[in-house]
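Single-letter residue listing:
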Amino acid sequence: MFTGIIEHIGTIDSLSVQPDGGRIIIRAPSLAASLAASKSIAVNGCCLTIVSVDSEKFSADLSGETLRKTSFGAAGGALQKGARVNLEQPLTAGQEFGGHFVLGHVDSPGSVTHLTPEGENWWYGIEVPEEFARYVVPKGSITVDGISLTVARWRDRIAEVAVIPYTYEHTNIRDRKHGDAVNLEADILGKYVERYLETRSASSPSTLSLTQLIEQGF
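Residue positions are counted from 1 within each chain, in the order its sequence is given. Only residues with pLDDT of at least 70 get local features here, since the model is predicted, and only at 80 or more are side-chain atom pairs given and counted; chain-wide, interface and lining totals rely on the full set of residues. With hydrogens and water stripped out, all remaining heavy atoms of the structure feed into the side-chain values.

A. Structural context of the overall build of the protein. Scanning the protein for helices and strands turns up five helices and 13 strands. The size measure is the radius of gyration over C-alpha atoms, and the globule rule it meets is 2.2 Å times the number of residues to the 0.38 power. For 218 residues, the compact-globule estimate of 2.2 N^0.38 gives 17 Å, and the protein sits close to it at 18 Å. Along the first, second and third principal axes, the C-alpha set of the protein runs to 60 × 45 × 40 Å. Residue burial is assigned from relative accessible area. The probe radius is 1.4 Å, only protein chains are included, and a residue is buried under 20% of its type maximum, exposed over 50%, and partly exposed in between. The buried share among the 218 residues of the protein stands at 43%. Contacts: residue pairs with any heavy atoms within 4.5 Å of one another. Excluding contacts between residues fewer than 6 apart, the proportion of contacts in the protein whose partners are at least 24 apart in sequence is 67%. Carbon and sulfur atoms provide 52% of the accessible area of the protein, an area that totals close to 11,400 Å². We count a stretch as a helix when DSSP gives it H or I for four or more residues in a row; a strand needs E for two or more, and each element gets its number in order from the N terminus. Exposure was quantified through the Shrake-Rupley algorithm and a 1.4 Å probe, taking into account, for residues, occlusion by the shown protein chains and nothing else.

B. Expanded view of the state of the cysteines. To count as a disulfide, a pair of cysteine sulfur atoms needs to be within 2.5 Å. In the structure shown here, the tally under the stated rule is zero disulfides. Cysteine C46 is unpaired, with the sulfur of C47 as its nearest cysteine sulfur at 7.2 Å. With relative accessibility at 29%, the residue C47 sits in the partly exposed group.

C. View of the nonpolar core. Residues belong to a common nonpolar core when they are buried Ala, Val, Leu, Ile, Met, Phe, Trp, Tyr or Cys residues joined through side-chain atoms within 4.5 Å. Judged by nonpolar contacts, the single largest core of 23 residues is most densely connected at Y124, I126, F132, I142, V144 and L184. Put simply, the parts of the chain that give this core at least two residues each are β8 (121-127), α2 (130-133), β9 (141-144), β10 (147-150), β12 (158-163) and β13 (181-186). Not counting the four nearest positions on each side in its chain, F132 is found in contact with D107, I142, L184, E185 and A186. L35, L48, L79 and L87 belong to the second largest nonpolar core, which has 21 residues in total.

D. Fine view of the sheet that holds β9. Should DSSP find at least two bridges between two strands, the strands are regarded as paired. Pairing in this open sheet of seven strands is antiparallel, and the strands run β10-β9-β13-β7-β8-β12-β11 from one edge to the other. Unpaired on one side and paired on the other, β10 and β11 (153-155) mark the two borders of the sheet. For this sheet the average axis-to-axis angle between neighbouring strands, irrespective of direction, equals 35 degrees. Pairing between strand β7 (residues 108-118) and β8: seven bridges, direction antiparallel. If you follow P117 over to β8, its bridge partner there is W122. Axes, fitted as lines to C-alpha atoms, cover a helix only where it is in contact. Angles between the N-to-C directions of the axes lie from 0 to 180 degrees.

E. Representation of the sheet that holds strand β5 (residues 57-63) within the structure. The strand order β1-β2-β5-β4-β3-β6 describes a closed barrel built from six strands, whose pairing is antiparallel. Within this sheet the neighbouring strands show an average axis-to-axis angle of 45 degrees, counted without direction. Bridge analysis of strand β3 (residues 40-43) against strand β6 (residues 84-88) gives two bridges, and the strand direction is antiparallel. Opposite V43, over in β6, you have L87 as the bridge partner.

F. Representation of the environment of R23 within the structure. With respect to the helices, strands and loops of the structure, R23 is situated in strand β2 (residues 21-27). Through-space distance from the C-alpha of R23 to that of L62 is 5.4 Å; in sequence the pair is 39 residues apart. Any N or O atom pair separated by 3.5 Å or less is treated as a polar contact, with the protein-specific requirement of one donor-capable and one acceptor-capable atom, and with residues adjacent in sequence counted only for side-chain atom pairs. Separated by 2.7 Å, the side chains of R23 and D61 make a polar contact.

G. Looking closely at the pairing of β13. Among the six residues of β13, six are classified as buried, and the element is accordingly described as predominantly covered. For β7 and β13, the ladder comprises four bridges, and the chain directions are antiparallel. What sits directly across from S108, in β13, is L184. Pairing of β9 with β13 involves three bridges; the strand directions are antiparallel. Each bridged residue has a counterpart across the sheet, and for I142 the counterpart in β13 is A186.

Functional significance is not addressed by these values, which are geometric in nature.
Spelled out as structure tokens, the structure:
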């Protein structure tokens, strides 16, 4: 499990993609020495298993499902040699929980609509797929490329978040441009609520929908 608090940035050394899978090699000198093969790491929010590591870089395999569900396989991902990626190690016992529950299980790619400066901050807009939109809640949490962010504005399937200078400088948000593919993960708590309500609805037709519960102050 992760928290969406990015502490390291790596760069893609190579990305090899085939229809049924691929492999990525990431240069991360600030982190590689503390990693080990078989351990997990979130790369742009996608939980991957490290298959090899040295003092400067590590590599991970990409399954066909990973390519279909993430920006690693998206045509507009801007993921090529030299591209910066967000890195986060799994949460350990006793570690500060600074973001929100992030599993590294990417739901879908989204598309950057804008990155607009406003004073010292930025408005970062992401267009989300229709099937993902039901999980977006104003003032709720969303994970974009592994970063725990808060939805400040929500309209027409575009989620906007306010980005402070620290986040801008310490993640790959500063590299983003219109049309780039980004990895999206919804808040797991919302998924569990949805699943619970679906199960109850199946056994009791009179059960209120999630929308009705929200409207009544659930």
